[in-house]
Each structure stands twice: as structure tokens, then as C-alpha cells.
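Each chain, letter by letter, is given below.
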Amino acid sequence: MKNILVAGAGYVGLSMATLLCKYNKVVVYDINEDSIKTLKQKKSPLNDKDIQNVLSKTDCDMLRFTSNINETIDYSADETYVIISTPTNYDERTGCFDTSSIESVISYILATYENFNGVFIIKSTIPIGYTRELIKKTKYDKILFSPEFLREGKALYDNLHPSRIVVGFDTKSIECYKYEKYVKTFASLLQNATAIPANKVIITGLEEAESIKLFANTYLATRVAYFNELDTFAINKNLNTKDIIDGVCSDPRIGEMYNNPSFGYGGYCLPKDTKQLLSNFKGIKENMFKAVVDSNETRKNVISYEILKYVRHISGKTYPTIGIYNLAMKSGSDNCRSSAIFDIVRMLKELDNRLNFIVYDKNADNKKYAEHIGTFTLDLVKFKKESDIIITNRFDNELENVKHKVFTRDIYNNN
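Residues numbered from 1 in each chain as written. Predicted model: local features only at pLDDT ≥ 70, side-chain atom pairs only at ≥ 80, totals over all residues. Heavy atoms only, no water.

*Asks:* Just to check I follow, could you spell out the overall build of the protein for this structure?
*Replies:* Scanning the protein from N- to C-terminus turns up 14 helices and 15 strands. Whereas a compact globule of 415 residues would reach a radius of gyration of roughly 22 Å, the protein reaches 23 Å, a difference of no more than 12%. Reported as C-alpha extents along the three principal axes, the dimensions of the protein are approximately 70 × 50 × 40 Å. Of the contacts made within the protein by residues no fewer than 6 positions apart, 69% connect residues no fewer than 24 positions apart. In the form shown here, the protein has an accessible surface area of approximately 20000 Å², with 50% of it arising from carbon and sulfur atoms. When the 55 positive and 52 negative side-chain charges of the protein are each reduced to one mean point, those points stand 2 Å apart. (Helix = DSSP H or I, 4+ residues; strand = E, 2+ residues; numbered from the N terminus. Rg over C-alpha atoms; globule rule 2.2 N^0.38 Å. Contact = heavy atoms within 4.5 Å. Areas by Shrake-Rupley, 256 points an atom, 1.4 Å probe, with all protein chains shown as cover. Lys, Arg positive; Asp, Glu negative; His and termini not counted. Charge placed at Lys NZ, Arg CZ, Asp CG, Glu CD.)

Here you go:
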């Protein structure tokens, strides 16, 4: 049994905490006091039924929550593991992830607890080369990087059924043999907690592990962009998008994942990870990854024009009202971070300032985002009545009775 501190109560942090608390004593630390208060009541602040199930059943001796980093674990204990999953948002100004939250946790623990001899594991998404620079900056060698590959809303499920477990450490150090045991121990902690063992456990260098994360997500973004451009072609040529995609994806070498057209990729990972990988290519010739980032912007522009044509065709009004059904990119999601809909609304307003907007979102907390767009409502009947057309990235069956005025590129009714 290990002492484990998880810094960050987002999807990654809570999925790690609820995964590992079965056999270890885990404390979750987050500066958001409202989230910690909710968690202490054994309620998840996130929309993930598996995480909620574990929270409701787990003894508080095995899983605790705090907003005070000093009231967490025994920092002097041997083989203490600190898992850092704090937010690293992409900073458009610097062209890089904001990693200050990671450095804050590590610097504080090292400065406050001189006898700390534990292992830091970074789970946040970071630039390639960051962990090595952090080791040099802090002069602390036991810092690992272990990327996560989780779907929003199914984070714990994906940790319980991992496709692979990746742990990176400083293989270039002449003393790297000293850290191998910590790497293998952490990989075993993850593997032993899974419902089904991972197909692969990959122990590799720091930069290789960081690269795996960014290249994997950029590949997924590339697929999204590919099928969105296929859909754009079909729209312009008046072709049946579904028939084309069905034919293309019936080739087993291509497969059916990430092939459902959308308003553009968004969410926690793909927008920031593609831009960060592109930034890491500075000084290296490339064509594809810039094209993927540009393609996503083009797609949102295309969708905006198509929506405007649809508005004018359907409503015939000078001042039509566009209804926006859910701000999130995925059905059932409560996350609207970097949702393509925000850029689309901005583009629509630039194209025609006479448009009005009303937003229906099941998550009342998203009201603060909706207020930048137009009127917010939780009344679905009112929303349907007042909307001249309704736009949604993913179709929902509760829109069935107004399907005639819904604009979406969702073909398969899935995420």
C-alpha cells in the first residue's frame, strides 16, 4: 500500500484517484474549494458515472479530499507518489502550454518538506522536453511523465480498461538505473488496479513519453479534420456524405473511429495538443500538422456560412433567432471548453449582426459561457418555440419533434 497524493480534481485526477484508492491511501488536493466540498459529500463535480460510483462506496480512510496541500500525506514516507494532473491550458500568446500549476505544486513540496524523497508523476499534458527542463530547474531527479488517454465522461472506465500504460523517465541519465524501480512500481500500481490488464506497458524516455501523448491526439484530430473536409466536399457537390464515409470506412485499414462529421474538433485536448505539437516543430520542416490546425479553423468558417444559408432559407426573417442546443462538443458532456460553437457564433455575428441567439444547455453552470452569446434557458419548450432554427454539434432525440429546423452535420448520432 502506497501513500498517494493526486493534485488536481479534474477528469484525469479523479479517475486516477478512484482507480488507485482500491489498494492505496489516496488524497486528492485541489485549490477549488467548491469541488473539494462536493467531493467530501461523496458527489462527483464531473459527469462520470463510474467515478461517482466509486466515490459513493469508498471508505474515507482510503480516499480523502482537501484544499490544503499541507493536510495531505506523510511527505517523509518512503516511496510517496505525487501525481500531478493540474490544468495546462494552451497560451496563444506564448504558443505553449501554461505549466505554472505543475511547477507550483512541485516547488512548494520541495521547498516546504526538506525530507521529501518521493516520486512526482506528471499526468498533465506538457510540451515535449518539459520534464527534463523541470528536472534541471528543480534539481530533483525523481520526476516521471505518464500520459493519459481518456475520454471525457468515461475517464475511470478508460483507466480500468487501458489500451496501454506509458511511463517515461530520464533514460539519458548515467544514474537512470536508480529510478527504474520507481518507474516499474508506478506502472504496476496502475496495472494492478485495472479491470483488464493493459495490452502494453511501455517504459520509455521522457521526451518519447511526451511525444506519444501529443502525436496520438494529433492523429485523432487529423482524422476528425479529414472526415470534416470530406463532408465539406460533399456539401459543395451535393453528394451523400454518409454513403461516402460508409464506403471509405468499410476498409478495415481505415476503420470507423472518429469519422462522424462535426462543427470542428474541440474539448479539453485536441485543440491545445495539436497547437502545442506544431509549436514543438519549430525549426523542423513539416506540412501536415499546420494543415490540421488550419483545417479546423476552415471547417468552422465553412459551417458558419452553411448555417447562415440555412437560416435565410428556413426562417425568411430579417432578424431570425438561432437556437444553440448544448455548448459542449459531445452529447452527455458538461465540458464546453474550446467548443467550436463559440467560434462559429463569433463568425455568424461578423457575417450578420442582425442575428439573435438563444442557448439551451442542460448544465446550468454553463450559463456564464452562454451569456457571451445570447439568452440562456433551461426551458426546452421555450427554447424550441423561440428558435427559428436550431444548431447542434450532436443531435439528441429530444429534438426529434423539431427536426425540420435543426442544422447539424451529425450523421451517426454518436460522439
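*Asks:* Explain the environment of Asp-170 to me, please; I cannot follow it from the model alone.
*Replies:* Note that Asp-170 resides in the loop between strand E9 (164–169) and helix H7 (180–193). Note on Asp-170: relative accessible area 14%, which makes it buried. Remark: the alpha-carbon pair of Asp-170 and Leu-144, spanning 26 residues in sequence, is separated by 7.7 Å. Filtering out sequence-adjacent residues up to four positions away, Asp-170 remains in contact with Arg-132, Cys-176 and Leu-206. At 2.8 Å, the side chain of Asp-170 forms a polar contact with the side chain of Arg-132. (Buried < 20%, exposed > 50% of the residue type's maximum accessible area, 1.4 Å probe, protein only. Polar contact = N/O pair within 3.5 Å; in protein donor to acceptor, adjacent residues only side chain to side chain.)

*Asks:* Sorry, what's going on with unusual backbone geometry here?
*Replies:* In most cases, non-glycine residues show a negative phi, while peptide bonds are predominantly trans. Positive phi outside glycine occurs at Lys-42, with the angle close to 60°. Among the secondary structure elements, Lys-42 is positioned in the loop between helix H2 (33–40) and helix H3 (49–57). Positive phi outside glycine occurs at Tyr-258, with the angle close to 55°. Position of Tyr-258 among the secondary structure elements: in the loop between helix H9 (241–249) and helix H10 (270–280).

*Asks:* Help me understand the pattern of salt bridges, please; the structure alone is not making it clear to me.
*Replies:* A side chain with one charge may pair with a side chain of the opposite charge, provided their charged atoms come close. Evaluation of the coordinates by the stated rule reveals 27 salt bridges. Put simply, Lys-242 and Asp-246 hold a salt bridge, and the shortest N to O gap is 2.8 Å. Of this pair, Lys-242 and Asp-246 both sit in helix H9, four residues apart, roughly one helical turn. Given a relative accessible area of 36%, Lys-242 falls into the partly exposed group. Given a relative accessible area of 31%, Asp-246 falls into the partly exposed group. In this structure, Asp-273 engages Lys-272 in a salt bridge whose closest nitrogen and oxygen atoms are separated by 3.7 Å. Across the pair, Lys-272 and Asp-273 agree in class, each one buried. Shared partners join several salt bridges into a network, and the residues in it are Glu-297, Lys-300, Asp-343, Arg-346 and Glu-350. (Salt bridge = Lys/Arg side-chain N within 4 Å of Asp/Glu carboxyl O.)

*Asks:* Looking at this model, I keep getting lost on helix H4 (residues 100–112). Mind explaining?
*Replies:* Because an α-helix completes one turn every 3.6 residues, residues spaced three or four positions apart along the sequence face the same direction. Across its 13 residues, H4 extends 18 Å between first and last C-alpha, which sits within 8% of the 18 Å expected from 1.5 Å per residue. Those residues of H4 hidden inside the fold are in contact with strand E1 (3–7), strand E4 (81–84), strand E7 (119–122), helix H5 (130–138) and strand E8 (143–145). (Expected span 1.5 Å × (residues − 1).)

*Asks:* Quick question: what am I supposed to make of the environment of Lys-43 here?
*Replies:* Relative to the helices and strands, Lys-43 resides in the loop between H2 and H3. Judged by relative accessible area, which is 48%, Lys-43 ranks as partly exposed. The spatial distance from the C-alpha of Lys-43 to the C-alpha of Val-54 is 9.8 Å, given a sequence separation of eleven residues. With sequence-adjacent residues up to four places away left out, Lys-43 is seen in contact with Thr-38, Gln-52 and Leu-55.

*Asks:* I would appreciate a short explanation of the packing of helix H8 (residues 206–237) against H10 in the present structure.
*Replies:* Relative placement of two packed helices is described by the angle separating their axes and the distance separating the axes. Between H8 and H10, the shortest axis-to-axis distance is 9 Å and the interhelical angle comes to 120°. It follows from the interaxial angle that H8 and H10 lie oblique. Crossing of H8 over H10 shows left-handed handedness. Together, Lys-213, Leu-214, Phe-215, Asn-217, Thr-218, Leu-220 and Ala-221 of H8 and Leu-270, Asp-273, Thr-274, Gln-276, Leu-277 and Asn-280 of H10 make up the contact between the two elements. (Axes fitted to C-alpha atoms, helices over the stretch in contact; angles between N-to-C directions. Parallel < 35°, antiparallel > 145°, perpendicular 65-115°, else oblique. Left-handed = near helix turned anticlockwise from the far one by under 90°.)

*Asks:* How should H2 be read in this particular structure?
*Replies:* Of the residues making up H2, those classed as buried are Ser-35, Ile-36 and Leu-39. For H2, the angular spread of the buried residues around the axis is 100°, confining them to a single face. Of the residues in H2, the exposed ones pointing more than 90 degrees away from the buried face are Glu-33, Asp-34, Lys-37 and Lys-40. One side-chain oxygen at the N-terminal end of H2 lies 3.0 Å from the backbone nitrogen of Asp-34; it belongs to Asn-32. Just beyond H2, the residue with positive phi is Lys-42, at close to 60°. (Arc of directions from axis to C-beta.)

*Asks:* Would you mind going over the packing of H5 against H8 with me for this structure?
*Replies:* Running from N to C, H5 and H8 cross one another at 140°; their axes reach a closest spacing of 8 Å. The angle between the axes of H5 and H8 places the two elements in the oblique class. Residues Tyr-130, Thr-131, Arg-132 and Ile-135 of H5 lie in contact with H8, whose contacting residues are Leu-206, Glu-207 and Glu-210. Residue composition of the contact of H5 with H8, by class: three nonpolar, one polar and three charged. (Nonpolar A, V, L, I, M, F, W, Y, C, P; charged D, E, K, R; others polar.)

*Asks:* Looking at this structure, I do not really get the packing of aromatic side chains. What am I missing?
*Replies:* Two aromatic rings, taken as a pair, are described by how far apart their centres are and by the angle between their planes. This model, assessed by the stated rule, comprises 15 aromatic pairs. Summarising the aromatic geometry, the rings of Tyr-81 and Phe-186 are spaced 6.3 Å apart at their centres and angled 20° between planes, so their arrangement reads as stacked. Remark: Phe-186 occurs in helix H7 and Tyr-81 occurs in strand E4; sequence separation between them is 105 residues. The buried category is assigned to Tyr-81, whose relative accessible area is 0%. (Phe/Tyr/Trp six-rings, centres within 6.5 Å; stacked < 30°, edge-to-face > 60°.)

*Asks:* How do you make sense of the pairing of strand E12 (residues 356–360) when you look at a structure like this?
*Replies:* The element E12 is extensively covered by neighbouring structure, given that four of its five residues are classed as buried. Relative to E12, strand E11 (residues 321–325) runs parallel, the two being bridged by five bridges. Bridge pairing in E12 links Gly-323 to Ile-358. Bridge analysis of E12 against strand E13 (residues 375–377) gives three bridges, and the strand direction is parallel. Bridged to Val-359 within E13 is Phe-376. (Pairing = 2+ DSSP bridges.)

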